[in-house]
Amino acid sequence: MIILYFFLRSRALLIVKNKNNQPIPEDLRLIIEEKIADIFDDKPVTTICELTLSTLKIIGKDKEIQVTCTLAHIKNPVHISAAAENYYKTIDIAQSKLRRAIHKAKVKSNQA
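Predicted, not measured: the structure shown is a model, and the values here were computed from it.

Chemist: Looking at this model, I keep getting lost on the overall build of the protein chain. Mind explaining?
Modeler: The number of helices and strands found in the protein chain is two helices and five strands. N-terminal to C-terminal, the α/β element order of the protein chain is β-β-α-β-β-β-α. Relative to its full complement of 112 residues, the protein chain shows a buried share of 39%. Sequence separation of at least 24 residues holds for 48% of the intrachain contacts in the protein chain that already meet a minimum separation of 6.

Set out below in structure tokens:
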């Protein structure tokens, strides 16, 4: 398993893992960093976000990303997964799902 660690512009640590034991291309790494950083730029809290890239054996949706984010002000981690025919589409789907999941978790934690 190949693992990359890097800090985003905000106070977020992004961990990218590739289950396929292949190096993560630089252009894909930059897009992941840009899309995920866009979610956390306005959040002044410490965040750890872990992405796992994998390949499925499903025709049409064979590239999967699983994301787990732990935010300082939300009790439970946020988990999402997305799949599409390539990683670029999968990243877009994961970004929108992650935005919604974080918003939902914030609302839920504020109500408690």
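Chemist: Would you explain helix α2 (residues 87-111) in this entry?
Modeler: Given 3.6 residues to a turn, an α-helix orients residues that are three or four positions apart in the same direction. Here α2 is 25 residues long and its end C-alpha atoms lie 35 Å apart, about the 36 Å a rise of 1.5 Å per residue gives. Taken as a whole, α2 has its buried residues at Y87, T90, I91, A94, Q95, L98, A101, I102 and A105. Looking at the buried side of α2, the elements it contacts are α1 (26-40), β3 (47-55), β4 (63-71) and β5 (78-84). Between the side-chain oxygen of the N-cap and the backbone nitrogen of Y88 there are 3.1 Å, and the N-cap of α2 in question is N86.

Chemist: Sorry if this is basic, but what is going on with the pattern of salt bridges here?
Modeler: Any two side chains of opposite charge can pair, given that their charged atoms come close. For the coordinates displayed, the defined rule picks out six salt bridges. A cluster of three or more residues bridged by salt bridges with shared partners is formed by E26, R29 and E33.

Chemist: Would you explain the pairing of β4 in this entry?
Modeler: Each regular strand displays side chains that alternate between the two surfaces of the sheet. In the sheet, β3 pairs with β4 via nine bridges, with the strands oriented antiparallel. In the strand pairing of β4, S54 is matched with E64. Relative to β5, β4 is paired through seven bridges, and the arrangement is antiparallel. When the bridges of β5 are listed, I65 appears paired with A82.

Chemist: Which parts of the structure should I look at to understand the nonpolar core?
Modeler: Note on soluble globular proteins: their nonpolar side chains tend to be buried together. Counting residues in each nonpolar core, the largest one holds 27 residues, and the members touching the most others are I32, I36, F40, C49, V67 and L98. Going through the elements one at a time, β2 (12-18), α1, β3, β4, β5 and α2 are the ones with two or more residues in this core. If you tally residues by element for this core, the top one is α2, at seven residues.

Chemist: Can you walk me through α1 in this structure?
Modeler: Taking 1.5 Å of rise per residue, the 15 residues of α1 would be expected to cover 21 Å, and the 21 Å separating its terminal C-alpha atoms lies within 8% of that figure. Every buried residue of α1 is accounted for by L28, R29, I32, I36, A37, I39 and F40. All buried residues of α1 lie within an arc of 155 degrees about the axis, which places them on one face of the element.

Chemist: Hey, could you run me through the pairing of β3 in this one?
Modeler: Relative to β3, β2 runs parallel, the two being bridged by seven bridges. Bridge pairing in β3 places L13 opposite I48.

What counts, and at which threshold
- Residues numbered from 1 in each chain as written.
- Predicted model: local features only at pLDDT ≥ 70, side-chain atom pairs only at ≥ 80, totals over all residues.
- Heavy atoms only, no water.
- Helix = DSSP H or I, 4+ residues; strand = E, 2+ residues; numbered from the N terminus.
- Buried < 20%, exposed > 50% of the residue type's maximum accessible area, 1.4 Å probe, protein only.
- Contact = heavy atoms within 4.5 Å.
- Expected span 1.5 Å × (residues − 1).
- Polar contact = N/O pair within 3.5 Å; in protein donor to acceptor, adjacent residues only side chain to side chain.
- Salt bridge = Lys/Arg side-chain N within 4 Å of Asp/Glu carboxyl O.
- Pairing = 2+ DSSP bridges.
- Core = buried A, V, L, I, M, F, W, Y, C linked by side-chain atoms within 4.5 Å.
- Arc of directions from axis to C-beta.

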